[in-house]
Amino acid sequence: PQGGRVFSGIQPTGVPHLGNYLGALENWAALQGRFPSVLYSIVDLHSITQPQDPAQLRSNVLDMAASLLACGIDPEKAILFQQSQVSEHAELSWILGCLTSMPRLRHLPQWKMKSKQRSEGSVGLYTYPVLQAADILLYKSTHVPVGEDQVQHLELAQDLARIFNHRYGELFPEPRALLSSTQKVKSLRDPSVKMSKSDPHAMATISVTDSPEDIALKIRRAVTDFTSEVTYDPEARPGVSNLVLIHAAAAGVGVPEAVAQARGLSTAAYKGLVSEAVVQRLAPIREEIRRLREDPPHLQALLARGGDRAREMAAPVLAEVRRRVGF
Ligand code: ADP
Ligand code: NA
């Protein structure tokens, strides 16, 4: 294990999809053994930048908590907590916001993408990356596992660490990205885009709680091409290559090994093999989510304890920030 502190967050959007699991959560679980200090937050303050139904939001938080635990987040090794239970996030976000210029935020991807989808974006959506910076810096985090789409947001956190340190004296380490090296899992309906929960097409995304039948159906219907043989060529054959990628990741083998296993199979037959690998990989996760979800008070108690532990780490950092600022 190396030194340093890992922080990452995920919005409570309900149960994660296969892309979230293979592209992020599997790695989150692996990091627990590699760093002495690891924090994972269900970032509900971030999720209210879009309209949320209160009862649905509460339920989504528990779904995500159960999912993270089922995907291998171990509350003995990582601090798993709900962001809104640690009010220090909001307070540090305000202070960092006062160190951020308006133009600095205007070109960040989150705002550019989501404000386009609505006629007016909220102030919260605009300053979302500042809250992200606060999430990270509040724990003096050194390493942040992120997708490539988040790199610019992490750069803001780095800038804000520098700006704060320059103005008020050295306090925050500059957090570094831990980029996942794996390819993005693509939509099963349109392999030119990534698998995403916001995809309106029900057959495009595999949820980690999908039944074996649903998984098989979705993969059977996955868009491929008119070549029957299985090869890996993401440029020319994005659909088939996505299946190879999913197969390799789900079976825990490399792409060449997955292609070798497909030798002699038509894409149609290969889809059966891919489904089998995904079903096997997700079966224990699905069962564990079901089990955990039957006991909401247990999940709430786990989150409350995680919140206490997070607050214990956050409070002295925020106290120092307040002192430096002059409060
Ligand atoms: P979504 O695109 O479904 O809204 P998020 O943006 O909330 O997912 O991403 C949560 C985490 O899952 C991030 O670390 C992101 O990089 C990862 N992730 C999301 N979609 C995929 C995908 N299709 N393949 C691999 N990783 C993904
Ligand atoms: Na997203």
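Given the structure is predicted, the values throughout are model-derived calculations rather than measurements.

**Student:** What should I look at first to understand the overall build of the protein chain in this one?
**Tutor:** Within the protein chain, the secondary structure is distributed over 13 helices and five strands. The C-alpha atoms of the protein chain give a radius of gyration of 21 Å, which matches the 20 Å a tight globule of 327 residues would have. Based on the C-alpha atoms only, the size of the protein chain along its principal axes is roughly 70 × 45 × 40 Å. Across the 327 residues that make up the protein chain, the buried fraction comes to 41%.

**Student:** Help me out: how do you make sense of the confidence of the model for the protein chain in this one?
**Tutor:** Close inspection of predicted coordinates is inappropriate for parts of the model with low pLDDT. Model confidence for the protein chain is summarised by a mean pLDDT of 95, while 98% of its residues fall at 70 or above. Reported confidences for the modelled complex are a pTM of 0.94 and an ipTM of 0.94.

**Student:** Could you clarify how one ought to interpret the site of ligand 1 in this entry?
**Tutor:** Residues in contact with ligand 1 amount to 14 residues; listed here are only the nearest, Gly19, Gly23, Ala24, Gly147 and Ser196. Counting residues per element, the shell around ligand 1 draws most heavily on helix 1 (residues 18–34), at four residues. In the shell around ligand 1, the residues fall into four nonpolar, seven polar and three charged.

**Student:** What is the right way to read the domain arrangement of the protein chain from this model?
**Tutor:** Much of the literature gives interface size as the accessible area that the parts lose upon coming together. Here the domain parsing of the protein chain yields domain 1 (5–184 + 295–325) and domain 2 (212–290). Placing the centre of domain 1 and that of domain 2 at their C-alpha centroids yields a distance of 32 Å. Listed as interface residues are nine residues of domain 1 and, on the opposing side, seven residues of domain 2. For the side of domain 1 that touches domain 2, the secondary-structure elements that each account for two or more residues are helix 1 and helix 3 (54–70). Top contributing element to the side of domain 1 that touches domain 2 by residue count: helix 3, with three residues. Considered class by class, the residues forming the side of domain 1 that touches domain 2 number six nonpolar, three polar and no charged.

**Student:** Honestly, the pairing of strand 2 (residues 37–42) in this entry has me stumped. Any pointers?
**Tutor:** A regular strand places its side chains on the two faces of the sheet in alternate fashion. Counting buried positions along strand 2 yields five of six residues, so the element is predominantly enclosed. Bridge count for strand 1 (residues 5–10) against strand 2 is six bridges, and the pairing is parallel. Residue pairing across strands places glycine 9 opposite serine 41, the latter belonging to strand 2. For the segment spanning strand 1, helix 1 and strand 2, crossover handedness is right-handed. Note that strand 2 and strand 3 (residues 79–82) share four bridges and pair parallel. Paired with leucine 39 across the bridge in strand 3 is isoleucine 79.

**Student:** I'm lost on the environment of alanine 133 in this one. Help?
**Tutor:** Along the chain, the position of alanine 133 falls in helix 7 (residues 123–137). Considering only alpha carbons, one finds alanine 133 and leucine 156, 23 residues apart in sequence, at a separation of 6.8 Å.

**Student:** It is not clear to me how the nonpolar core should be interpreted in this structure. Could you clarify?
**Tutor:** Side chains that are nonpolar tend, in soluble globular proteins, to be buried together. Grouped together as the largest cluster of nonpolar side chains are 80 residues, with contacts concentrated most on Leu18, Leu39, Leu137, Ile246 and Val278. Lining this core are residues from two domains, each supplying at least three of them: domain 1 (5–184 + 295–325) and domain 2 (212–290). When sequence neighbours within four positions are dropped, the list of residues in contact with leucine 137 reads Leu92, Ala157, Leu160, Ala161 and Phe172.

**Student:** I would appreciate a short explanation of the packing of helix 3 against helix 12 (residues 267–293) in the present structure.
**Tutor:** Helix-helix packing is characterised by the crossing angle of the two axes and by the distance between the axes. As a packed pair, helix 3 and helix 12 sit with axes 9 Å apart at the nearest point and diverge in direction by 135 degrees. Of the possible angle classes, the one that applies to helix 3 and helix 12 is oblique. You can see that helix 3 and helix 12 cross each other, and the crossing is right-handed. The segment helix 3 lies against helix 12, with Leu62, Ala66, Ser67, Leu69 and Ala70 engaging Ile285, Glu288, Ile289, Leu292 and Arg293. Of the residues assigned to the contact of helix 3 with helix 12, the class counts are seven nonpolar, one polar and two charged.

**Student:** Which parts of the structure should I look at to understand the packing of helix 7 against helix 8 (residues 151–168)?
**Tutor:** In contact at an axis separation of 9 Å, helix 7 and helix 8 are set at 65 degrees when each is read in the N-to-C sense. For the pair helix 7 and helix 8, the sense of crossing is right-handed. In this structure, helix 7 contributes Pro129, Gln132, Ala133, Ile136 and Leu137 to the contact, and helix 8 contributes His153, Leu156, Ala157, Leu160 and Ala161. A class-by-class count of the residues in the contact of helix 7 with helix 8 yields eight nonpolar, two polar and no charged.

Rules of the game
- Residues numbered from 1 in each chain as written.
- Chains lettered and ligands numbered in written order.
- Predicted model: local features only at pLDDT ≥ 70, side-chain atom pairs only at ≥ 80, totals over all residues.
- Helix = DSSP H or I, 4+ residues; strand = E, 2+ residues; numbered from the N terminus.
- Rg over C-alpha atoms; globule rule 2.2 N^0.38 Å.
- Buried ≥ 20, exposed ≤ 12 C-beta atoms within 10 Å, placed from the backbone.
- pLDDT = per-residue confidence, 0-100.
- Near = placed C-beta within 6 Å.
- Nonpolar A, V, L, I, M, F, W, Y, C, P; charged D, E, K, R; others polar.
- Domains from an automatic or database assignment.
- Contact = placed C-beta atoms within 7 Å.
- Pairing = 2+ DSSP bridges.
- Right-handed = clockwise from strand over helix to strand, strands pointing away.
- Core = buried A, V, L, I, M, F, W, Y, C linked by C-beta atoms within 7 Å.
- Axes fitted to C-alpha atoms, helices over the stretch in contact; angles between N-to-C directions.
- Parallel < 35°, antiparallel > 145°, perpendicular 65-115°, else oblique.
- Left-handed = near helix turned anticlockwise from the far one by under 90°.

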